[in-house]
Amino acid sequence: MSTFSSTQPQAAITAVGHFLPERRLTNPDLEQMVETSDEWIQSRTGIKERRILDDDGKATAYMATQAAQELIDTHDIDPATIDLIIVATVTPDMLFPATACLVQDQIGASSAWGFDLSAACSGFLFALTNGASFIESGRAERVLVIGADTMSSITDYTDRSTCILFGDAAGAVLLEPSDTYGLQDTVHHADGAHADLLKLPAGGSRRPASHETVDAGDHYLKQDGRPVFRHAVTGMSDVCTDIMERNDLSGSDVDYLVPHQANQRIIDATANRMGLSSDKVMMNIDRYGNTTAATVPLCLYDWQHELRPGHNLVLTTFGGGLTWGASYLTWAYDGSEYAD
Ligand code: ACO
C-alpha cells in the first residue's frame, strides 16, 4: 500500500493512446464455433463482440507500439524524452526479450529503459503504481505505462467457457510529475493460494512446451470461472470501498469508476457497493470483451473527452494470481481537447 506524501511530486496521467485490431469476433460468429448463444453470452457477461489481431507476424509488441505511437502523435511528445517503458502483459511476443524493449526500439525512445510486468488482468494497475513510484522518487520524468494483450494467442476456441470472454487490444498512458494532480493512493493484493483457478499451465519452466503439452491443450488459458467470479465480486468491491474510506471519499465524490472489464455483473456489483450510478462507470466490455491488461487504459481513452482536471477517478482490477487492487487518482488535463 502507498499513500501520496505532500513532499513528493505527484505522478499524473498526461496523455492516453490506444490500439484496437480491425477484425471483430461477434457472438453470432462464436455460435458457429462452439455450443453457445448470443443471449447466454450477453446475459452472463455483457459482451457482444471483441477484436482479434490476425495480422501475420504481428503480436503484442505491435499493438503496444501502435498505442504508444498514437499517444506520442496526438500529444506531440518527443520519444527521446521518455525515460522508462513498462509493458503489462501476459502475452509477450516472446518470454524474452521483454516486449518493452521491442516497443522502445519501434517508437524511437532512445533514452528509455524498460521491462514487462506480469499480473494478468491487474497488470496495468500494478504497472501504473510502479511507474508512478519512479516519478514520485524523482528517478524519472516521463514514464510510458502500457497494457497490451493478444489474448487470442492463448485462447482455446473449442472451450466455450473461456473463448467467449477475451479480445485483443492495447492502451497506453504517459506519467509525468505534477504539483496539483495525479495518483493519490493505491491498494494492491495478491493471493497465490488460488493460483490454480486461472492459469496458463504450460510453456514456462515447470512444463516447457512439448508435443505432450500441446496435445493436452495446456498452451491455452484455463479458468475455473465460478470461484474466480466469486473472488472477483468480493475482491473488487472490498478494495474499492477500502480506498474510498482511506481517502474519505463518498460515492458523490467519485466522478468515474474505471473497472477492469471481465464481466458486467462484477462491475455492476462493485459500482453498487460504492454507491455509484451507471453514468459514473466506464464500461466498454460490450465492444471489446476482456482484453486483460488493456481494459483500464482503453476505458480512459474512450472516456477521455469527458475528463477534466480535478476529476476523481477510482481505477480497479481483478485477475489471475490471484491479483487485485484499486487506485485513486485525480485527472490532470482537459480531455475534450483530444476528442476523436
Ligand atoms: N454458452 C453457454 N453455456 C455456457 C457457456 C457458454 N459460452 N459457458 C459455460 N456455460 C454453461 C456451463 O457449462 C454451465 O452449465 P451447467 O450448469 O450445465 O454445468 C452453465 O453455463 C453455468 O456455468 P458457470 O461457469 O457457472 O457460468 P457463470 O455464470 O459463472 O459465467 C463466466 C461464466 C462468465 C466465466 C463467469 O464465471 C465469470 O465471469 N468469471 C470471472 C471471470 C474473471 O473475472 N476473470 C478474471 C480476469 S481474467 C484474467 O485475469 C486473465
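Going by the structure above, here's the rest.
Not measured: the values here are computed from a predicted model.

Asker: Would you take a moment to explain the overall build of the protein chain for this structure?
Answerer: In terms of helices and strands, the protein chain carries eleven helices and 14 strands. Taking 20 Å as the expected radius of gyration for a compact globule of 340 residues, we find that the protein chain reaches 19 Å, a close match to that expectation. Along the first, second and third principal axes, the C-alpha atoms of the protein chain reach 55 × 45 × 40 Å. Within the span of the protein chain, comprising 340 residues, buried residues form 55% of the whole. Pairs at least 24 apart in sequence give 77% of the contacts found in the protein chain among residues at least 6 apart. Carbon and sulfur atoms form 46% of the exposed surface of the protein chain, whose accessible area is close to 14200 Å². Side-chain charges in the protein chain split into 22 positive and 47 negative, and the spacing between the mean points of these groups amounts to 7 Å.

Asker: Would you mind going over the packing of aromatic side chains with me for this structure?
Answerer: If you walk through the whole model with that rule in mind, you get six aromatic pairs. Note on Trp 331 and Tyr 333: the rings are 5.0 Å apart at their centroids and 40° apart in plane angle, and the pair reads as tilted. Judged by its relative accessible area of 0%, Trp 331 is buried. A relative accessible area of 10% places Tyr 333 in the buried class. Among the aromatic side chains, those forming a connected cluster through ring pairs are Trp 113, Phe 115 and Phe 134.

Asker: Before we go on, may I ask you to explain the nonpolar core in this structure?
Answerer: Soluble, globular proteins show a tendency: their nonpolar side chains are buried together. If you look at the biggest cluster of nonpolar residues, it comprises 39 residues, and the most contacted ones within it are Cys 240, Leu 257, Met 274, Val 314 and Phe 318. For this core, the secondary-structure elements that each account for two or more residues are helix H8 (225–246), helix H9 (264–274), strand S13 (312–319) and strand S14 (323–330). When sequence neighbours within four positions are dropped, the list of residues in contact with Val 314 reads Cys 240, Ile 243, Val 254, Tyr 256, Leu 257, Val 258, Met 274 and Ser 327. Leu 84, Ile 86, Tyr 256 and Val 258 belong to the second-largest nonpolar core, a separate cluster that totals 37 residues.

Asker: In this structure, what is going on with unusual backbone geometry? I would like to understand it.
Answerer: Apart from glycine, the bulk of residues carry a negative phi angle, and the bulk of peptide bonds sit in the trans form. Cis peptide bonds are those with omega within 30 degrees of zero, and the linkage from Phe 96 to Pro 97 qualifies with 5°. With respect to the element layout, Pro 97 can be found in the loop between strand S5 (84–88) and helix H4 (99–107). Following Gly 321, the chain continues to Leu 322 via a peptide bond in cis, the omega torsion being -10°. Along the chain, Leu 322 falls in the loop between S13 and S14. Phi at Asp 76 takes a positive value of approximately 55°, unusual for a residue other than glycine.

Asker: Honestly, H9 in this entry has me stumped. Any pointers?
Answerer: Residues lying three or four places apart along an α-helix face the same way, a consequence of the helix completing one turn every 3.6 residues. Of the positions making up H9, those classed as buried are Ile 266, Ile 267, Thr 270, Ala 271 and Met 274. The buried residues of H9 occupy an angular sector of 130° when projected down its axis, which confines them to one face. Tucked into the core, H9 has its buried residues touching H8, strand S12 (256–259) and S13. The backbone nitrogen of Arg 265 lies 2.8 Å from a side-chain oxygen of the residue at the head of H9, namely Asn 263. Looking one or two residues past H9, Gly 275 carries a phi angle of roughly 75°, positive in sign.

Asker: Even after reading the chapter, I still don't get the packing of H8 against H9, so can you show me in this structure?
Answerer: If you want to describe how two helices pack, look at the angle between their axes and the distance between the axes. Remark: H8 packs on H9, axes separated minimally by 9 Å, with the N-to-C direction vectors making an angle of 30°. In terms of their interaxial angle, H8 and H9 are classed as roughly parallel. H9 is crossed by H8, and the crossing has right-handed handedness. Each of Phe 229, Ala 232, Val 233, Met 236, Ser 237, Asp 238, Cys 240, Thr 241 and Met 244 in H8 lies in contact with H9, whose residues at this interface are Arg 265, Ile 266, Ala 269, Thr 270, Arg 273 and Met 274.

Rules of the game
- Residues numbered from 1 in each chain as written.
- Predicted model: local features only at pLDDT ≥ 70, side-chain atom pairs only at ≥ 80, totals over all residues.
- Heavy atoms only, no water.
- Helix = DSSP H or I, 4+ residues; strand = E, 2+ residues; numbered from the N terminus.
- Rg over C-alpha atoms; globule rule 2.2 N^0.38 Å.
- Buried < 20%, exposed > 50% of the residue type's maximum accessible area, 1.4 Å probe, protein only.
- Contact = heavy atoms within 4.5 Å.
- Areas by Shrake-Rupley, 256 points an atom, 1.4 Å probe, with all protein chains shown as cover.
- Lys, Arg positive; Asp, Glu negative; His and termini not counted.
- Charge placed at Lys NZ, Arg CZ, Asp CG, Glu CD.
- Phe/Tyr/Trp six-rings, centres within 6.5 Å; stacked < 30°, edge-to-face > 60°.
- Core = buried A, V, L, I, M, F, W, Y, C linked by side-chain atoms within 4.5 Å.
- Arc of directions from axis to C-beta.
- Polar contact = N/O pair within 3.5 Å; in protein donor to acceptor, adjacent residues only side chain to side chain.
- Axes fitted to C-alpha atoms, helices over the stretch in contact; angles between N-to-C directions.
- Parallel < 35°, antiparallel > 145°, perpendicular 65-115°, else oblique.
- Left-handed = near helix turned anticlockwise from the far one by under 90°.

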